[in-house]
Amino acid sequence: MRPKHFLNFEDYSKEDLVEIINRGIVIKNNKETSEDLNKKTLALVFQKPSTRTRVSFEIAMNRLGGNTLFLSSSELQLSRGEPIPDTANVLSSMTDVIVLRNDNHEELVLFSENSSVPVINGLTDLFHPCQILADLMTFKEKNGNSELKKVCWIGDGNNVCNSYIEAASKLDFEMSIFCPKGSEPYLPLLENGKENITIVSSKKEALHNAQIVTTDVWTSMNDEVSSKERMKTFKNFFVEEKDMELASSEAVFMHCLPAHRGEEISFNMLEHDKSVVWQQAENRLHVQQSLLEFLLAN
Ligand code: CP
Ligand code: NVA
């Protein structure tokens with residue numbers, strides 16, 4: 001039987017997502033878990049740097065009683081041309097779940113098609129769904145049962161933005177995106193999500209009524225070659241303290257981190273009283289512990 005993977009939100013229902021998020025909150029509050037993953041192994045195959053994703057998955061798996069194996073892809077035979085299907089076949093024959101962070105989403109899909117255990121997207125060029133689970137958990141913690149109706153995205157229509165768009169369709173919230181021309185999110189997602197997603201031409205419009213105000217770096221890990229050019233393209237696409245006054249009175253500011261102060265955010269934005277970025281980062285741990293339970297218990 002094909003294992004259930006977590007590559008993006010496509011194969012997940014609203015109920016699945018709500019279950020994972022709510023369980024993340026329970027885990028955080030009770031510091032307990034019902035699933036015993038004793039002796040199970042999580043492999044982390046990373047082609048790019050990471051602080052939050054790596055550390056949160058390693059600690060989550062340890063808290064569940066399992067163990068972890070960190071594999072930098074440059075040290076695997078992958079880097080010498082061993083095919084992805086062969087690597088997936090071998091790694092999944094010895095482990096119980098795999099987190100993959102890589103440059104190319106299609107390669108993640110290929111890996112998952114050849115894996116006999118669940119594969120989790122730890123960030124690709126196209127999606128970063130684990131991040132959005134943590135964001136939605138953070139919103140729920142702050143706002144209880146008050147429904148999320150609008151998210152404002154300012155800046156690059158990148159992997160994090162794409163995962164927000166998928167979540168907007170699943171959970172039925174509106175998303176307003178203020179991004180430079182040419183840096184729009186992945187087009188097929190925009191076409192599928194017409195009802196929920198609007199690309200707007202002013203920051204003010206994007207912020208209006210938003211309950212989550214969020215942004216990300218101007219230069220993602222895939223885009224470093226064009227970073228000089230991007231400084232010019234993105235110079236008007238940043239969040240500063242006074243922007244929060246234009247959003248909903250209950251708005252919170254989020255950033256997936258790492259952040260670049262003086263680029264996509266003003267220098268003190270992370271310390272703003274509406275910023276929840278540290279809570280958001282910590283929630284990666286709790287919600288991913290919930291995700292591991294969800295995948296390995298089902
Ligand atoms: N937000 C996030 O995924 O951070 P890392 O790149 O540190 O894992
Ligand atoms: N968009 C960023 C997210 C980092 C967590 C990147 O891909 O580098």
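Residues numbered from 1 in each chain as written. Chains lettered and ligands numbered in written order. Predicted model: local features only at pLDDT ≥ 70, side-chain atom pairs only at ≥ 80, totals over all residues. Heavy atoms only, no water.

S.K.: Got a minute to help me understand the overall build of the protein chain in this structure?
M.R.: Looking only at helices and strands, one finds 10 helices and 9 strands in the protein chain. Relative to the 2.2 N^0.38 estimate, which gives 19 Å for 298 residues, the radius of gyration of the protein chain is 19 Å and therefore close to what a compact globule would have. With the C-alpha coordinates of the protein chain rotated into their principal frame, the extents come out at 50 × 45 × 35 Å. The buried share of the protein chain, reckoned over its 298 residues, is 55%. Working note: accessible area of the protein chain is about 13,400 Å², and carbon and sulfur atoms make up 48% of it. Here the protein chain contributes 31 positive and 44 negative side-chain charges, whose respective centroids are spaced 3 Å apart. (Helix = DSSP H or I, 4+ residues; strand = E, 2+ residues; numbered from the N terminus. Rg over C-alpha atoms; globule rule 2.2 N^0.38 Å. Buried < 20%, exposed > 50% of the residue type's maximum accessible area, 1.4 Å probe, protein only. Areas by Shrake-Rupley, 256 points an atom, 1.4 Å probe, with all protein chains shown as cover. Lys, Arg positive; Asp, Glu negative; His and termini not counted. Charge placed at Lys NZ, Arg CZ, Asp CG, Glu CD.)

S.K.: Quick question: what am I supposed to make of the pairing of strand β2 (residues 67–72) here?
M.R.: Successive residues of a regular strand alternate their side chains across the two faces of the sheet. Sheet topology note: the strand β1 (residues 41–46)/β2 ladder contains 6 bridges and is parallel. Within β2, the residue paired with Ala-43 across the bridge is Leu-69. For the segment spanning β1, helix α2 (residues 52–63) and β2, crossover handedness is right-handed. (Pairing = 2+ DSSP bridges. Right-handed = clockwise from strand over helix to strand, strands pointing away.)

S.K.: Is there a simple way to explain the sheet that holds strand β3 (residues 97–101) in this structure?
M.R.: In sheet architecture, strand pairing relies on hydrogen bonds along the backbone and comes in two forms, parallel and antiparallel. The strand order β2-β1-β3-β4 describes an open sheet built from 4 strands, whose pairing is parallel. Lying at the two open borders of the sheet, with one neighbouring strand each, are β2 and β4 (119–121). Between one strand and the next, the sheet's axes are offset by a mean angle of 20 degrees, whatever the strand orientation. Sheet strands in contact with α2 are β1, β2, β3 and β4, and its direction is about 175 degrees off that of β1. (Axes fitted to C-alpha atoms, helices over the stretch in contact; angles between N-to-C directions. Contact = heavy atoms within 4.5 Å.)

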